[in-house]
Amino acid sequence: MDGKKLAGEKAVESVKDGMILGLGTGSTVYWSILKLGELVKKGLDIKGVPTSKSTEKLAKELGIPLVSFSSINQIDLTIDGADEVNPNFELIKGGGGALLREKMVASISKSSIIVIDETKYVPNLGEFPLPVEIVQFGWEVTSKQISTLGCKPELRTKNNSPFVTDNGNYIFDCYFEKIDDAVKLNTRLNMIPGVVENGLFVHLADTIVVGKRDSSVDILY
Ligand code: DER
């Protein structure tokens, strides 16, 4: 079975009646949301906080009750994907362009489960380009500022135009090759005027569920 489906569905076993759930974005957590839709139809009582317009649309189609981020103080559990996970449970996220809302939701979650297939679990972060969300104004200047941190920022495009996030911002995919100090880089990136948020998630993952090609699932704490 597909590792993403395995991991996505396994994570839902941690969901309890009455929870407020952070609903992540991407093709792995897609399976978690599908499973949640099935369970809601069977009476599971949850409220979802979507991390993107695409997740909001999917959750609505499945009949999962939603609550707005601005109306809550805390989330019980967030289930989300990642592009890379290292042994410190530091993540690169943002491949799907949802990093800002994902990080805001994760930051008020009592617990976060990250669902991945085994290709995402890596010794060092950085082979996957680090997404950085920036304001549109002066993006060329912001690019030069970011490159001083030792990377090559590339403006993400879609249909030959700059990709625009749910929040109306641009994204740079930043090629660092290897990231040795995620905590420090996270701070340094966010100090650059024009940077809104970056895809380094540190201290925001409690459990990693890894779906594997041999149809087994590893749960890392
Ligand atoms: O954008 C994100 O951070 C998503 O969680 C995404 O990158 C996860 O990727 P997936 O589609 O492989 O699950």
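What counts as what
- Residues numbered from 1 in each chain as written.
- Predicted model: local features only at pLDDT ≥ 70, side-chain atom pairs only at ≥ 80, totals over all residues.
- Heavy atoms only, no water.
- Near = heavy atom within 4 Å.
- Polar contact = N/O pair within 3.5 Å; in protein donor to acceptor, adjacent residues only side chain to side chain.
- Areas by Shrake-Rupley, 256 points an atom, 1.4 Å probe, with all protein chains shown as cover.
- 1 Å grid on protein atoms, 1.4 Å probe; cavity = no way out; pocket = protein on both sides within 12 Å on 5 of 7 lines; lining within 4 Å.
- Sits in = over half its atoms within 2 Å of the grid points.
- Points joined across faces, edges and corners; volume = space filled by probe spheres on them.
- Helix = DSSP H or I, 4+ residues; strand = E, 2+ residues; numbered from the N terminus.
- Nonpolar A, V, L, I, M, F, W, Y, C, P; charged D, E, K, R; others polar.
- Pairing = 2+ DSSP bridges.
- Core = buried A, V, L, I, M, F, W, Y, C linked by side-chain atoms within 4.5 Å.
- Buried < 20%, exposed > 50% of the residue type's maximum accessible area, 1.4 Å probe, protein only.
- UniProt positions renumbered as here; feature names shortened; annotations may be inferred.
- Contact = heavy atoms within 4.5 Å.

S.K.: Residues and numbers for the site of the ligand, please.
M.R.: Near the ligand lie 16 residues; those nearest to it are Ser-27, Thr-28, Asp-83, Gly-96 and Lys-120. Asp-80 has a polar side-chain atom sitting 3.4 Å from an oxygen atom of the ligand. Gly-94 is positioned such that a nitrogen or oxygen atom in its backbone is 2.7 Å from an oxygen atom of the ligand. If the ligand stood free it would expose 350 Å²; the protein chains cover 92% of that surface. With respect to the detected pockets, the ligand is housed in the second largest pocket.

S.K.: Can you tell me about the layout of surface pockets, naming the residues and giving the values?
M.R.: By volume, the largest pocket is sized at about 210 Å³. Forming the boundary of the largest pocket are Val-49, Pro-50, Ser-52, Lys-53, Glu-56, Leu-66, Val-67, Ser-68, Phe-69, Arg-101, Met-104 and Val-105. Examining the composition of the lining of the largest pocket, we find that three residues originate from one element, helix α4 (residues 99–107), more than from any other. In terms of residue class, the lining of the largest pocket is built from seven nonpolar, two polar and three charged. Estimated volume of the second largest pocket: approximately 170 Å³. Lining the second largest pocket are 17 residues, and of these Thr-25, Gly-26, Ala-82, Asp-83 and Gly-96 sit closest to its centre. Its residues placed into classes, the lining of the second largest pocket shows three nonpolar, nine polar and five charged.

S.K.: Could you give me a rundown of the sheet that holds strand β13 (residues 200–201), with the residues and numbers involved?
M.R.: Within a sheet, neighbouring strands are paired by backbone hydrogen bonds and run either parallel or antiparallel to one another. If you trace the three strands from one edge of the open sheet to the other, you get β4-β5-β13, paired in antiparallel fashion. The open sheet has two free edges, formed respectively by β4 (84–85) and β13, since each of these has just one partner strand. Sheet topology places strand β5 (residues 91–92) next to β13; two bridges connect them, and they run antiparallel. Following the sheet pairing, Leu-91 is matched in β13 by Phe-201.

S.K.: So what's going on with the nonpolar core? Which residues, and what values?
M.R.: In terms of nonpolar packing, the biggest core is built from 22 residues, with Val-15, Leu-21, Leu-36, Ile-46, Ile-64 and Val-115 touching the most fellow members. When contributions to this core are tallied by element, the ones reaching two or more residues are α1 (3–11), β1 (20–23), α2 (29–41), α3 (53–61), β3 (75–80) and β6 (109–117). Counting residues in hydrophobic clusters, the runner-up holds 21 residues, among them Val-132, Ile-134, Ile-146 and Leu-149.

S.K.: For the pairing of strand β7 (residues 130–134), give the residues involved together with the corresponding values.
M.R.: Here β7 lies mainly inside the structure; five of its five residues are buried. As paired elements, β7 and strand β11 (residues 170–175) share five bridges and run antiparallel to each other. Bridging from a neighbouring strand, Val-132 pairs with Phe-172 of β11. As defined by bridge partners, β7 adjoins strand β12 (residues 195–198) across three bridges and the pair is classed as antiparallel. Bridging from a neighbouring strand, Glu-133 pairs with Glu-197 of β12.

S.K.: Lay out the UniProt feature "active site" (unreviewed entry) in the chain in plain terms, naming residues and giving numbers.
M.R.: The feature "active site" (unreviewed entry), as annotated in UniProt, sits at Glu-102 in this numbering. Its location among the elements puts Glu-102 in helix α4. Those residues in contact with Glu-102, other than ones at most four positions away along the chain, are Thr-25, Thr-51, Asp-80, Lys-93, Gly-94 and Phe-201.

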